[in-house]
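# Structural features, examined
Letter by letter, the chains look like this.
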Amino acid sequence: MRKSGAGMRKNMNLKITCIPGDGIGPEIIAEAKKVLVKAGEKFGFVPDFTDILMGGASIDVHGIPLTDEAIDTAKSADAVLMGSIGGNTSTSPWYKLPPEKRPEAGLLKIRKALNLFANLRPALLYKELASACPLKEEISAAGFDIMIMRELTGGLYFGERKTVEENGVRKAIDTLTYDENEIRRIAIKGFDIAMKRKKKVTSVDKANVLDSSRLWRAVVEEVAKDYPEVTLEHMLVDNCAMQLVKDPSQFDVILTENMFGDILSDEASMVTGSIGMLASASLNDTRFGLYEPSHGSAPDIAGMDVANPIATILSAAMMLRYSFDLDAAADAVEEAVKKVLADGFRTGDIMSEGLKQVGCSEMGSLIAERI
Ligand code: NAD
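So, here's what we can say about the structure. Fair warning: this is a prediction, and the values are worked out from it, not measured in the lab. Residue positions within a chain follow its written sequence, with the count starting from 1. Only residues with pLDDT of 70 or above have their local features reported here, since the model is predicted, and side-chain atom pairs are shown and tallied only from 80 upward, although totals for entire chains, interfaces and linings are computed over all residues. Calculated side-chain values reflect all of the structure's heavy atoms, with hydrogen atoms and water omitted.

### With respect to the overall build of the protein
- The secondary structure content of the protein amounts to twelve helices and 14 strands.
- The globule rule used for comparison is 2.2 Å times the number of residues to the exponent 0.38, while the radius of gyration itself is calculated over C-alpha atoms. What you see for the protein is a C-alpha radius of gyration of 21 Å, in line with the 21 Å of a compact globule of 371 residues.
- Dimensions of the protein along its principal axes, counting C-alpha atoms only, are 60 × 50 × 45 Å.
- Each residue is placed in one exposure class: buried if its accessible area under a 1.4 Å probe, protein chains only, is under 20% of its type's maximum, exposed if it is over 50%, and partly exposed if it falls in between. Burial status across the protein gives 53% buried among its 371 residues. Helical segments are the DSSP runs of H or I of at least four residues, strand segments are the runs of E of at least two, and each set is numbered from the N terminus.

What follows is the structure, encoded as structure tokens:
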């Protein structure tokens, strides 16, 4: 692991490709840029943004959701910051196109082109938003800050599949395969991330039943030997699903395979109660990553200056931390978000009585001011 060096990129240009995308995408990306520029002034770096088109915005101009030129631009950057893509799936003409030409195909294409195999989804409960948490108060009172590290390009979703008919009975087969290299590279990412956090990894599997899980567990244990400071525990996936609602504060990094991660990361994000607050990242085996909010393009509120830009701003903070090793700047952005919430400012989606409602642009400015 490269040592964390907040000074390492001082006064350097950070080459960032931005994908504003569709719906609220351009509005929330504008606020993340505002915050990054302010963080740069404070911490001595200069974000160098280049925008590319993806999703519906690219279909409208180029007829396809992502061009090869746009991919080349993304590849030439140090990191990609994305808003969101897609439109109203019932009414938008983009959804009359064949599936491979629809907005979402651009996302699959860029993930593949950039070899993004590790998906990171934090689930963090802010004490100011604790009332949005659907868990009992005695559980939410402890707060939680979980990072789910999900393998993104292997397992059941990418294995061979077929449906056959045997003696008049239809039968479907999906194959769950992992090789040790696929497991090792995601485990290394998980332990690297734990070193930047509370140094605990919970590896989640179904090793009492599945061979792929038994190999997963063995390889994770091998990797753990290189990280003596990190505490490793193993947990069966069914127990993990239960523990997430029973005692989420016990977790730091949850490391798991593709399908388990798909389900657990949605469960973890739901227990925070606020979709406009949840960041995410997809990483490859270099420092490169694609950072984006967990929510979609919210076409119902696009162009109204009411979207919550915090998930995108927190995604930008993840970018500073994981692609640029600028931990102090990332901390400052996250702290600024907490301060704005503590000062009582809210966008409409997280509004409660007696607090001050602001729009997307004002929320971005308030956060930037507090860095
Ligand atoms: P969505 O997340 O866009 O919206 C769900 C609800 O949450 C809506 O009421 C919306 O107004 C609200 N919401 C979402 N983000 C918000 C924010 N930042 N601030 C305030 N409110 C917010 O999900 P959806 O409606 O199912 O999907 C809309 C489009 O987004 C679809 O085309 C879908 O395919 C696409 N999508 C894209 C991504 C991505 O780009 N990675 C992810 C999910 C969905």
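Still more ground to cover, so stick around.
### Quick notes on the pattern of salt bridges
- A carboxyl oxygen of Asp or Glu within 4 Å of a side-chain nitrogen of Lys or Arg is what we treat as a salt bridge. Taken as a whole and assessed by the stated rule, the structure comprises 25 salt bridges.
- Note that R197 and D145 form a salt bridge whose closest N and O atoms lie 3.4 Å from each other. Note that R197 is positioned in the loop between α6 (180-195) and β8 (200-205) and D145 in strand β5 (residues 145-151), a separation of 52 residues in sequence.
- For D145, a relative accessible area of 27% gives the class partly exposed.
- The salt bridge partner of R321 is D331, with a shortest N-O separation of 3.0 Å. Of this pair, R321 sits in helix α10 (residues 310-322) while D331 sits in helix α11 (residues 327-342), placing them ten residues apart in sequence.
- Through salt bridges with shared partners, a single network forms among K196, R287, D325 and D327.

### Digging into the site of the ligand
- Close contacts around the ligand come from 21 residues, with G87, E104, G296, A298 and N308 the closest.
- In this structure, G87 approaches the ligand through a main-chain N or O atom, which is 2.6 Å from an oxygen atom.
- Identification of polar contacts relies on pairs of N or O atoms within 3.5 Å, with a donor-acceptor requirement for protein atoms, meaning one able to donate a hydrogen and the other able to accept it, and with residues adjacent in sequence counted only if both atoms are side-chain atoms. Interatomic distance of 2.7 Å between a side-chain N/O atom of E104 and an oxygen atom of the ligand.
- For the accessible areas, the method is Shrake-Rupley and the probe is 1.4 Å, while residue cover comes only from the protein chains on display. Coverage of the ligand by the protein chains reaches 68% of its 810 Å² of free accessible surface.
- Where the shell around the ligand is concerned, the elements lending two or more residues are β3 (79-84) and α4 (103-113).
- Counted by class, the shell around the ligand contains nine nonpolar, eight polar and four charged residues. Only a single heavy atom is needed: when it lies within 4 Å of a molecule or strand, its residue is near that molecule or strand. Think of it as three bins: nonpolar holds Ala, Val, Leu, Ile, Met, Phe, Trp, Tyr, Cys and Pro, charged holds Asp, Glu, Lys and Arg, and polar takes everything else, Gly as well.

### Thoughts on the packing of aromatic side chains
- The criterion for an aromatic pair is that two Phe, Tyr or Trp rings (for Trp, the six-membered ring) have centres within 6.5 Å, with stacked assigned to planes under 30 degrees apart, edge-to-face to planes over 60 apart and tilted to the rest. If you walk through the whole model with that rule in mind, you get two aromatic pairs.
- Centre to centre, the rings of Y178 and W216 are 5.8 Å apart; their planes meet at 70 degrees, and the pair counts as edge-to-face. Linking Y178 in the loop between β7 (169-174) and α6 with W216 in helix α7 (residues 211-224), this pair joins segments that are 38 residues apart in sequence.
- Taking the relative accessible area as the measure of exposure, Y178 reaches 8% and is therefore buried.

### Some words on the pairing of β5
- Burial within β5 is extensive, with six of its seven residues counted as buried.
- Here, a strand pair is defined by DSSP locating no fewer than two bridges between the strands. In this sheet, β5 lies alongside strand β4 (residues 118-124) in antiparallel orientation, the contact comprising seven bridges. Bridge pairing links N119 to R150 in β5.
- Alignment of β5 against strand β10 (residues 253-256), held across four bridges, turns out to be parallel. Bridging across to β10, I148 finds its partner in I254.

### Some remarks on the sheet that holds strand β2 (residues 46-51)
- If you walk across this open sheet you meet the ten strands as β2-β1-β3-β12-β11-β4-β5-β10-β8-β9, and the pairing is mixed. The strands lining the two open edges of the sheet, one partner per strand, are β2 and β9 (231-236). Averaged over all neighbouring strand pairs, the angle between strand axes comes to 25 degrees, with direction disregarded.
- Bridge count for strand β1 (residues 13-21) against β2 is six bridges, and the pairing is parallel. Pairing of C18 across the sheet is with D51, part of β2.
- The contact criterion used throughout is that any non-hydrogen atoms of two residues lie within 4.5 Å. What counts as an axis is a line fitted to C-alpha atoms, over the stretch in contact for a helix, and the angles between N-to-C directions run from 0 to 180 degrees. Packed onto the sheet, α6 meets β4, β5, β8, β9, β10 and β11 (279-283) and runs at close to 165 degrees relative to β5.

### With respect to the packing of helix α1 (residues 25-43) against α11
- Look at α1 against α11: their axes get within 10 Å of each other, and the N-to-C directions meet at 130 degrees. If you check the angle between α1 and α11, you find them oblique. In the crossing of α1 with α11, the sense of the turn from one axis to the other is right-handed. Counted together, V35, A39 and F43 of α1 and A328, A329, A332 and V333 of α11 form the full contact between these two elements. Orientation labels follow simple angle bins: below 35 degrees gives roughly parallel, above 145 gives roughly antiparallel, 65 to 115 gives roughly perpendicular, and whatever is left gives oblique. Left-handed describes a crossing whose near helix is turned anticlockwise from the far helix by less than a right angle; the clockwise case is right-handed.

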